[in-house]
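# Structure at a glance
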Amino acid sequence: MTADAPSEPRPLPPLEDLLEVLTLRDVGTAQIAVTDVQGRDAAESIGASSARVFEGRSQKMPHGRVFGGQVLAQCVMAAGITVRDVNDGDGARPIHSLHGYFMRPGDDTLPIRFAVEEMRDGNSFSTRRVHAVQKGAPIMSMTCSFQERAGGLDHQDTMPAVAGPDGLASLADAFRGVDHPGARHIAESRPIELRPVESNMFLDAGPEQVATNHVWMRAVERLPDDPLLHAAVLAYSSDYSLLEPVLRRHGLVWTDRRLRVASLDHSMWFHRDVRADEWLLYAQQSPSAVSGRGLSIGEIYSQDGTLVATTAQEGMVRVKQS
């Protein structure tokens, strides 16, 4: 009689899995050692002599590489944790901007460590630098800033007049039942629901080669009432489709076998309060593509027309000719 082989653990539901990924473990403090040409300690010359270190696991992806939005979101969480204690926690400092570079592909079988340098805490702004590290090398480096809420000038762009989310087909519905690893991942494992306003960019770039794209998005279930978590999930969501106006302009789709795409950098400005579990319109346009790189700008609106965030990303977009 032989013992039964241990069964594989059942996958978590998509949003529960994301929340676990964004729950980082505090693993301590790292000291930053810098010496000048005379061998003297010069750590202060780079603005910080230590970093708080957090660790988070990676989500499984069909291609085995870490999803860039995951790393963005985890960096936001790591930095935000270190800001919560500013002024003894008196008065929240929400994130208002981030600027990050993707440096290496991540391995989705390994955890990631996040080293947060506390660059400055002023009277109303806090600045952090975050390095996401795997296998002893950075896979992403980000600078982000947090600000206490304040009054001041207030204006915004008007939300584009496009079809609302009701009645639009979601990507999950489009790929449900398709026997392909990538299709099954979109249909079953994504924690964010996406509803394209125009054509589905995995299958059809549309009849007109225009450099614009609109997508409705929201978390598939209700999120906890934590503003930092909603900002992190918004950063996560913002990486899914931002390069699509580049592809649409040139009549390309994600499934084109000639296509080679990778995110190079990502910037984001958080303007107003947001819930990432309510419908958001992601209005995107690409002003330029050149030298194998495509640039996209995005504006994110709540359903009532409030501009909640602006994004920018440049990606490597190459079309293999043979």
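About the criteria used
- Sequence order sets the numbering: in each chain, residues are counted from 1 along the sequence as written.
- Note on the predicted model: pLDDT of at least 70 is required for a residue's local features to be given, and 80 or more for side-chain atom pairs to be given and counted; whole-chain, interface and lining totals, by contrast, use all residues.
- Excluded from the side-chain calculations are hydrogens and water; all other atoms, namely the structure's heavy atoms, are used.
- UniProt positions are given in the numbering used here, feature names are shortened, and annotations may be inferred rather than shown by experiment.
- Any Lys or Arg side-chain nitrogen found within 4 Å of a carboxyl oxygen on Asp or Glu counts as a salt bridge.
- Under the DSSP-based scheme used, a helix requires at least four consecutive residues in state H or I and a strand at least two consecutive residues in state E, with every element numbered from the N terminus.
- Buried means the residue's accessible area, taken with a 1.4 Å probe over protein chains only, is under 20% of the maximum for its type, while exposed means over 50%, and partly exposed covers the values in between.
- Nonpolar cores are built from buried Ala, Val, Leu, Ile, Met, Phe, Trp, Tyr and Cys residues. Side-chain atoms within 4.5 Å join them into one set.
- What makes two residues a contact is simply this: any of their non-hydrogen atoms within 4.5 Å.
- Pairing between two strands is assigned when DSSP locates at least 2 bridges connecting them.
- To obtain each axis, a line is fitted to C-alpha atoms, and for helices this fit is confined to the stretch in contact; angles are then taken between N-to-C directions over 0 to 180 degrees.
- Put simply, angles under 35 degrees are roughly parallel, angles over 145 are roughly antiparallel, angles from 65 to 115 are roughly perpendicular, and the rest are oblique.
- By the definition used in this description, the sense in which the near helix is turned from the far one sets the handedness, with an anticlockwise turn below a right angle giving left-handed and a clockwise turn giving right-handed.
- Side-chain classes are defined by residue name, with Ala, Val, Leu, Ile, Met, Phe, Trp, Tyr, Cys and Pro counting as nonpolar, Asp, Glu, Lys and Arg as charged, and the others, Gly among them, as polar.

With an unreviewed UniProt entry as reference, the chain is termed Acyl-CoA thioesterase II, source organism Terrabacter tumescens. For the record of the chain, the UniProt heading Sequence similarities (unreviewed entry) holds the text "Belongs to the C/M/P thioester hydrolase family."

Glancing now at the pattern of salt bridges. According to the stated counting rule, one finds 24 salt bridges in the structure shown. Between Glu118 and Arg128 there is a salt bridge whose closest N-O contact spans 3.9 Å. Here the residue Glu118 occupies a position in strand β4 (residues 112-121), and Arg128 occupies one in strand β5 (residues 125-134), the gap between them amounting to 10 residues. Residues participating in the shared-partner salt-bridge network are Arg222, Asp225, Arg275, Asp277 and Glu278.

So, about unusual backbone geometry. Glycine aside, a negative phi is what most residues show, and trans is what most peptide bonds show. Residue Lys135 is not a glycine yet carries a positive backbone phi of 55°. Given a relative accessible area of 67%, Lys135 falls into the exposed group. Not every positive phi belongs to a glycine, and Ser291 is a case in point at roughly 55°. Looking at Ser291, the relative accessible area reads 61%, which means it is exposed.

In terms of nonpolar packing, the biggest core is built from 62 residues, with Val71, Leu98, Phe114, Leu234 and Ile300 touching the most fellow members. Sequence-distant contacts of Leu234, that is, excluding residues within four places in its chain, are made with Met217, Met268, Phe270, Val274, Ala276, Leu280, Ile300 and Ala309. Counting 8 residues, the second largest nonpolar core, distinct from the first, contains Met201, Ala205, Leu247 and Leu259.

By the element assignment, Glu208 lies in the loop between β7 (192-196) and β8 (212-219). Once the C-alpha coordinates of Glu208 and His250 are considered, the two residues, 42 residues apart in sequence, prove to be 9.4 Å apart.

Moving on, we get to the sheet that holds β4. Picture the strands of a sheet paired through backbone hydrogen bonds; they go either parallel or antiparallel. One open sheet accounts for 12 strands, arranged β1-β2-β4-β5-β6-β3-β9-β12-β11-β10-β8-β7; its pairing is antiparallel. With partners counted over all chains shown, the strands left at the sheet margins are β1 (25-31) and β7, one partner each. Strand-to-strand, the axes of this sheet are offset by a mean angle of 25°, without reference to chain direction. In this sheet, strand β12 (residues 307-319) lies alongside strand β11 (residues 293-302) in antiparallel orientation, the contact comprising 9 bridges. Counted as the bridge partner of Arg293 is Met316 from β12.

Where helix α2 (residues 68-83) meets helix α5 (residues 227-238), the axes come as close as 7 Å, and the angle between the chain directions of the two elements is 155°. One finds that α2 runs roughly antiparallel with respect to α5. You can see that α2 and α5 cross each other, and the crossing is right-handed. Touching Gly69, Gln70, Leu72, Ala73, Val76, Met77, Gly80 and Ile81 of α2 are Leu228, Leu229, Ala232, Ala235 and Tyr236, all from α5. Within the contact of α2 with α5, the residues separate by chemical class into 10 nonpolar, 3 polar and no charged.

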